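Tertiary structure, described
Below are the chains, spelled out letter by letter.
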Amino acid sequence: MSTSTTSIPDPTTRYRRTGQRGLNAEMLSWMFMRGSGALLVILVFGHLFVNLWLGDGVKGIDFAFVGGKWASPFWQVWDLLMLWLGLIHGGNGVRTIINDYARGDRTRMVLKALLYFAVVVTIVLGTLVIFTFDPCPVGAEPSLLPSFCEG
Amino acid sequence: MTAVAEKPQADAGEIPSFEVTMRIARFTPEDDKGVHWEDFTVTMHGTDRVLDALHEIKWHIDGSLTFRRSCAHGVCGSDAMRINGRNRLACKTLLKDLDISKPITVEPIKGLPVEKDLIVDMEPFFDSYREVMPFLVAGGQEPSRERLQSAEQRERFDDTTKCILCAACTSSCPVFWTDGQYFGPAAIVNAHRFIFDSRDDAGEQRLEILNSKEGVWRCRTTFNCTEACPRGIQVTKAIAEVKQAVIRGRV
């Protein structure tokens, strides 16, 4: 005779959801989305205002304009923040969409791998461009270059 | 004299009746027809609810039609179903409030496995309900009389005490539809009811449970739950309050 006693769980033990992982990552991601969203509104509208509204507006944008902007550390930091926050914010949003809508484990993994790859490549490329950008390439037509290149 | 007086009286008290077509999603696990629509046309009255039409069909046309109902007066929460694409209680939806010129579609609530016709397996729903510990956990010495509470303290969680566990909210949530792993609005509402109760001492445990991967952070604030709730609970607001409590780390 097997002793099939019905075991009563200890009433002080806590209920555990199976597969409880990633404890606070979701909370951090949720808070990051709120913070970066608010910051991005300022960054993006500031960017649009400076590029499209001030001075000659959209007609003033050329190589010299961009070269001149990135010569200043202020705009380097501004654009870097916009790049990183924009991509991580957008990437995280797409990640939650994949989590919500991709049904199979494999589909989900493939989609997320593609997403992370695209985000990382774009962030690395963009960061490199911002910091290694040469506003005065040798042998270029001087009239196209920013004013500080002469000499 | 009496006959003359009675006739207009009967006219005034007459309830209008009309023909209405119920288009019901049928499913029988034993046959291989799968889920299919079946139309029933019944004569109903202006005072009748969707549940009365289902009774009319079950009692007089097709006895095999299967659905849950217990109290039939919007208290027990047994007869939540998808009526014209929206989660409602069949016993609280008057036919005259729907567009009766077209067939009224009735489906089981989404996201839970269908067992037969309009009956779904509620176990996954109650599993996540159990996980938030929906009972009073009070530490310290047992008082010799009632645990007292001020009117303001009671007001704090008054809204979420109204839940009848009909699953209309959870089964209207698109995040719950995807994989059924999300705790769902109903479990969070019932956690809210105890988290913000001044007599309860396990609020932090419940917050920790709801801070998991499938907890409150999967809520996308689509407000489907608030719209679906037959008791008018501000479900999305309650979820947001739990989120705030998790961030602050206390109640």
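Since we're looking at a predicted model, the values are computed, not measured.

1. Quick word on the overall build of chain B
Tallying secondary structure elements over chain B gives nine helices and seven strands in all. Counting only C-alpha atoms, chain B reaches 75 × 55 × 30 Å along its principal axes. Looking at chain B as a whole, 41% of its 251 residues are labelled buried. In chain B, the proportion of contacts linking residues at least 24 apart, taken out of those at least 6 apart, comes to 66%.

2. Considerations on the confidence of the model for chain B
Averaged over chain B, the pLDDT score is 91; the fraction of residues at 70 or greater is 94%. Overall fold confidence for the complex sits at a pTM of 0.82, while the interface term, ipTM, reaches 0.72.

3. As for the sheet that holds strand E5 (residues 104-107) of chain B
Residue and element names in this part refer to chain B. Across the sheet, which stays open at both edges, the five strands sit in the order E2-E1-E5-E3-E4 with mixed pairing between neighbours. Where the open sheet ends on each side, the last strands, each with one partner, are strand E2 (36-45) and strand E4 (86-89). On average, each strand axis in the sheet is tilted by 35° relative to the strand beside it, whichever way the strands run. Relative to E5, strand E3 (residues 80-83) is paired through two bridges, and the arrangement is antiparallel. When the bridges of E5 are listed, Ile-83 appears paired with Val-106. Contacts between helix H2 (residues 50-60) and the sheet are confined to strand E1 (17-26), E2, E3 and E5, with E2 contributing the most and set at about 105° to the helix.

4. Some points on the environment of Glu-56 of chain B
All names here are of chain B. Within the secondary structure, Glu-56 is located in helix H2. The exposure class of Glu-56 is partly exposed, given the 17 C-beta atoms found within 10 Å. When residues no more than four places from it in sequence are discounted, the contact partners of Glu-56 are Val-42 and Met-44.

Reading the values: the criteria
Residues numbered from 1 in each chain as written. Chains lettered and ligands numbered in written order. Predicted model: local features only at pLDDT ≥ 70, side-chain atom pairs only at ≥ 80, totals over all residues. Helix = DSSP H or I, 4+ residues; strand = E, 2+ residues; numbered from the N terminus. Buried ≥ 20, exposed ≤ 12 C-beta atoms within 10 Å, placed from the backbone. Contact = placed C-beta atoms within 7 Å. pLDDT = per-residue confidence, 0-100. Pairing = 2+ DSSP bridges. Axes fitted to C-alpha atoms, helices over the stretch in contact; angles between N-to-C directions.

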